[in-house]
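Read off the chains here:
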Amino acid sequence: MPGVLDARDRDGALRRLAAGPLDVLVIGGGITGAGAALDAASRGLRVGLVESRDLAAGTSSRSSKLIHGGLRYLEQGDFKLVKEALRERDLLVSRLAPHLVTPLPFLYPLYKKVVERPYVGAGLVLYDAMEGTRRPVPYHRHLTTRGALRRAPALRPDRLAGAMVYYDAQVDDARYTMTVARTAAAHGAIVLTRASATSLLRDGERVTGARVRDEETGREFDVRAAAVIVCAGVWSDLVHLTSGVRAGYQVRMSKGVHLVLAGPAIDATTGMIVRTSKSVLFFIPWGERWIVGTTDTDWSGDRAEPAANPEDVDYILREANRVLAKPLSRSDVLGIYAGLRPLVAEPAPEKNTDKHADKHTGNGDKPTTKLSREHVVDTPLPGLASIAGGKFTTYRLMARDVVDAAVAGFPEPVPPSVTGQLPLIGADGLPAVRASARRLAADYGLEVAAVEHLTARYGAAAVEVLDIIQADQSLGQPLTDGHPYLRAEVAYAVTHEGALHVEDVLARRVRLLIESPDAGTSAAPEVAAIMAPLLGWNRRRRATEVRDYEAFAAASTAALHTPQPLPGLADEALVSA
Ligand SMILES: Cc1cc2nc3c(=O)[nH]c(=O)nc-3n(C[C@H](O)[C@H](O)[C@H](O)COP(=O)(O)OP(=O)(O)OC[C@H]3O[C@@H](n4cnc5c(N)ncnc54)[C@H](O)[C@@H]3O)c2cc1C
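Residues numbered from 1 in each chain as written. Predicted model: local features only at pLDDT ≥ 70, side-chain atom pairs only at ≥ 80, totals over all residues. Heavy atoms only, no water.

Engineer: Tell me what's going on with the packing of helix H13 (residues 448–458) against helix H14 (residues 462–471), and back it up with residues and numbers.
Structural biologist: In contact at an axis separation of 8 Å, H13 and H14 are set at 130 degrees when each is read in the N-to-C sense. Considering their axes alone, H13 and H14 lie oblique with respect to each other. Contacts between H13 and H14 involve Leu 454, Thr 455 and Tyr 458 from the first element and Ala 462, Val 465 and Leu 466 from the second. For the contact of H13 with H14, the class distribution of residues is five nonpolar, one polar and no charged. (Axes fitted to C-alpha atoms, helices over the stretch in contact; angles between N-to-C directions. Helix = DSSP H or I, 4+ residues; strand = E, 2+ residues; numbered from the N terminus. Parallel < 35°, antiparallel > 145°, perpendicular 65-115°, else oblique. Contact = heavy atoms within 4.5 Å. Nonpolar A, V, L, I, M, F, W, Y, C, P; charged D, E, K, R; others polar.)

Set out below in structure tokens:
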């Protein structure tokens, strides 16, 4: 099967979904829902997925973009989570998605000469040991102060007492989520975006499907399924509530903000992690730029567009400046984004939850930094399974667990999960495509760097983008100055990656929303022009798309345009790790 999400065939997907009946209907197209759809479809089940907005439009495009064990969770004693996450990290890096998940070194600067090195060193020995000996990333290393400054001249040298280096991995979270959904489609799943489950269908106690609203037209229809799986992240409580379901857990929303900085703002050849008074701050290389964050604060506002505020910006800059020799200012900030962690606030009752539930009671008042990142699966009614919590890194295990719960009552036995053996679209054939960059560049009339850019984003499927360029050479031109994206990537986003709107392209298929100082608004007319003939847009529709995107971009970046003095820093505020 092709594994194509063709936005031009949305009506076909809609018809197939409504025709049903399905074995499994998944609600939510974040990483958990995409993972559940892939898990179920690759077990041979008939699967549909509905997503209110776009794939990864919720939390799954707004993370720190790390595939990691989580050094911080080790310190909190969450050994099982760390061990599972490290194994998943290695599986993704080495087999399932080597084109999308790449190892990344992190420098951990030390400031307390005597106590800190043995403490952090012991933690990293454990971190390495949990991973095992067959590992795709190097072991951690000790560095002297001089060694640390060689890798990260950006660090303040005073009080620096050396550093440690360890490895994790990074990912384009939105691209990864979409690729999982494409892989699910390759196994027969029907994926429909801009379609919301408005209520659950019931036959007595049993859930038999969902009422779905097509958000593009307002039309409603029923989708019948033997099991419904709720993967709605921070919307889970709403999905339960609208159908009168009393689930065994509630979701607590915690907002995390990241800044995107210009590359020259930080002189370092490695990622960095530093302690803050509340948690940790990551400096993550992101192409030519840096992502720095994050915050962790309770949130009770709009789920769809959590707003960063000027205080979030200043908090991140202040914490970063505690360790940097050349302080950052607001003028270094190119972009900003905020996401909501779907943390599990209350445990489900024993009888209905699986073993991953946080068994401690009364965690409703805990600071969100202290809440467990483990996941909870609940089966509140026959025919209904619901999952929340967890991490992007462990999505495959979450998907396996919730599908296991959903199919437990099926009359015929369902095979166990096979996703551990299923490379995602673009992984197969990757070494050959990487090795052929020069030839491909010559064949398609592109720079080698352009072919390498495509391979890094699409893996072996880069040749599909190249074929689009062959058919129309004008699509081999850059989309906009100062960024490596090609015009063909916009067309491919429509024909292969399910992009229905300009926002889908600029916010999640290419990342100009967060990478460009104008949040991609100057590229919006060009994106609309490329999408228009594919999706049958007239002039008025193109203008509406551009205006909608401008409004969305303005709301997303509002915190950067609100003047706020950055409080000065006293020297004594220097890191107390
Ligand atoms: C700031 C921050 C940093 C993070 N960093 C990391 C990290 O570095 N590494 C890591 O492993 N994890 C990280 N995480 C955690 C990780 O991002 C999340 O656990 C994960 O993305 C959650 O995915 P999800 O699919 O459960 O939720 P979501 O991505 O929010 O998906 C839920 C989807 O359901 C849809 N939906 C809701 N209601 C309906 C409905 N009625 N019908 C149809 N669709 C509906 C929504 O539109 C949404 O797209 C981070 C989280 C945050 C907030």
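Engineer: Account for the packing of aromatic side chains, with residues named and values stated.
Structural biologist: All told, the structure shown has seven aromatic pairs when counted by the stated rule. When the ring of Phe 106 is compared with that of Phe 282, the centres are 5.6 Å apart and the planes differ by 65 degrees; the resulting orientation is edge-to-face. Of the two residues, Phe 106 is situated in strand E4 (residues 102–109) and Phe 282 in strand E13 (residues 280–286); the sequence distance between them amounts to 176 residues. Under the relative-accessibility criterion, Phe 106 is labelled buried at 0%. For Phe 282, a relative accessible area of 10% corresponds to the buried category. Aromatic side chains Tyr 127 and Tyr 166 sit 5.8 Å apart centroid to centroid with 90 degrees between the ring planes, which places their arrangement in the edge-to-face category. Residue Tyr 127 is found in helix H5 (residues 116–131), and its partner Tyr 166 is found in strand E6 (residues 163–170); the two are separated by 39 residues along the sequence. Like Tyr 127, the residue Tyr 166 is buried in the burial classification. Within the aromatic cluster, the residues linked to one another by ring pairs are Phe 106, Tyr 127, Tyr 166 and Phe 282. In this arrangement the basic side chain of Lys 65 is found over the ring face of Trp 286, its NZ or CZ atom lying 5.9 Å from the centre. (Phe/Tyr/Trp six-rings, centres within 6.5 Å; stacked < 30°, edge-to-face > 60°. Buried < 20%, exposed > 50% of the residue type's maximum accessible area, 1.4 Å probe, protein only. Lys NZ or Arg CZ within 6 Å of the ring centre and 35° of its normal.)

Engineer: Go over the layout of surface pockets with me, naming the residues and quoting the values.
Structural biologist: In this structure, the second largest pocket encloses a volume near 750 Å³. If you go around the second largest pocket, you meet 25 residues; those closest to its centre are Trp 286, Gly 287, His 453, Ala 456 and Arg 457. Elements that contribute at least two residues to the lining of the second largest pocket include exactly E13 and H13. It is H13 that provides the largest number of residues to the lining of the second largest pocket, a total of five residues. Taken together, the residues that form the lining of the second largest pocket break down as eight nonpolar, eight polar and nine charged. (1 Å grid on protein atoms, 1.4 Å probe; cavity = no way out; pocket = protein on both sides within 12 Å on 5 of 7 lines; lining within 4 Å. Points joined across faces, edges and corners; volume = space filled by probe spheres on them.)

Engineer: Just give me the short version of the site of the ligand, but keep the residues and values in it.
Structural biologist: Around the ligand sit 36 residues, and of these Thr 32, Glu 51, Ser 60, Leu 66 and Thr 393 come closest. At 2.7 Å from a nitrogen atom of the ligand is found a main-chain nitrogen or oxygen belonging to Leu 66. Protein chains shield 95% of the accessible area of the ligand, which is 1000 Å² for the free molecule. Among the elements of the structure, helix H2 (31–41), strand E2 (47–51), strand E8 (195–203), strand E11 (250–262) and strand E16 (333–346) are those that each provide at least two residues to the shell around the ligand. Across the shell around the ligand, the residue classes break down as 12 nonpolar, 19 polar and five charged. (Near = heavy atom within 4 Å. Polar contact = N/O pair within 3.5 Å; in protein donor to acceptor, adjacent residues only side chain to side chain. Areas by Shrake-Rupley, 256 points an atom, 1.4 Å probe, with all protein chains shown as cover.)

Engineer: Explain the nonpolar core to me, using residue names and the numbers behind them.
Structural biologist: Formed by 76 residues in total, the largest nonpolar core has its most connected members in Val 502, Leu 506 and Met 531. In terms of nonpolar packing, the next biggest core, distinct from the first, is built from 49 residues, Ala 34, Ala 40, Ala 97 and Ala 406 among them. (Core = buried A, V, L, I, M, F, W, Y, C linked by side-chain atoms within 4.5 Å.)

Engineer: Describe in detail the pairing of E6, supporting the description with residues and values.
Structural biologist: Most of E6 is tucked away, with seven of its eight residues classed as buried. Here strand E3 (residues 66–67) pairs with E6 via two bridges, running antiparallel. By the bridge assignment, Leu 66 is partnered in E6 with Gln 170. Two elements, E4 and E6, share eight bridges in a ladder whose sense is antiparallel. For Pro 105, the partnering residue across the bridge sits in E6 and is Tyr 167. In this structure, strand E5 (residues 141–143) lies alongside E6, joined through three bridges in antiparallel fashion. Among the inter-strand pairings, Leu 143 is bridged to a residue of E6, identified as Ala 163. (Pairing = 2+ DSSP bridges.)

Engineer: Tell me about the pattern of salt bridges, and please be specific about residues and values.
Structural biologist: In this structure the tally under the stated criterion is 38 salt bridges. The closest approach of N and O atoms between Arg 330 and Asp 314, which form a salt bridge, is 3.6 Å. Of this pair, Arg 330 sits in the loop between helix H9 (310–321) and E16 while Asp 314 sits in helix H9; the two residues are 16 residues apart in sequence, bridging distant segments of the chain. A relative accessible area of 23% means that Arg 330 is categorised as partly exposed. Of the charged contacts, one joins Arg 541 and Glu 545 as a salt bridge, the two residues approaching to 3.0 Å between their closest N and O atoms. (Salt bridge = Lys/Arg side-chain N within 4 Å of Asp/Glu carboxyl O.)

Engineer: Would you mind going over empty space enclosed by the protein in detail, with residue names and values included?
Structural biologist: Following the criterion strictly, the structure yields seven cavities of 30 Å³ or more and no others. Looking at the largest cavity, the residues that line it are His 99, Leu 100, Arg 175, Met 178, Thr 179, Arg 182, Ile 425, Arg 457, Tyr 458, Ala 461, Tyr 492 and Glu 497. Of all elements in the fold, only helix H7 (173–186) and H13 reach the threshold of two or more residues within the lining of the largest cavity. If one sorts the elements of the lining of the largest cavity by residue count, H7 sits on top with four residues. Looking at the lining of the largest cavity, its residues break down into six nonpolar, two polar and four charged. Size it by volume and the second largest cavity reaches roughly 50 Å³. Lining the second largest cavity are Gly 35, Leu 38, Asp 39, Leu 96, Tyr 395, Arg 396, Ala 399, Thr 419, Leu 422 and Leu 424. Only H2 and helix H10 (395–407) provide two or more residues apiece to the lining of the second largest cavity. Here the lining of the second largest cavity is composed, by residue class, of six nonpolar, two polar and two charged.

Engineer: Tell me what's going on with the side chain of Asp 168, and back it up with residues and numbers.
Structural biologist: The residue Asp 168 is located in strand E6 in this model. What makes Asp 168 buried here is its relative accessible area of 2%. Engagement of the side chain of Asp 168 in a polar contact is seen with the side chain of Tyr 127, the distance being 2.8 Å. Once you skip the residues sitting within four places of it in the chain, Asp 168 turns out to touch Ile 67, His 68, Gly 69, Leu 86, Arg 89, Thr 102, Pro 103, Leu 104, Phe 106 and Tyr 127.

Engineer: Requested: an account of the environment of Val 165, with residues and values cited.
Structural biologist: With respect to the helices and strands, the residue Val 165 is situated in strand E6. You can call Val 165 buried: its relative accessible area is 2%. Placed 212 residues apart in sequence, Val 165 and Val 377 show a C-alpha to C-alpha distance of 36 Å. In this view, Val 165 contacts Pro 105, Phe 106, Leu 107, His 140, Arg 141, Leu 143 and Arg 151; residues no more than four positions away in its chain are not counted.

Engineer: Now, about the confidence of the model for the chain: what can you tell me, with residues and values included?
Structural biologist: Of the residues in the chain, 92% reach a pLDDT of 70 or more, and the chain-wide mean stands at 90. Confidence over residues 348–363 falls short of pLDDT 50; this stretch has 35 contacts with residues more than four positions distant or in other chains. (pLDDT = per-residue confidence, 0-100.)

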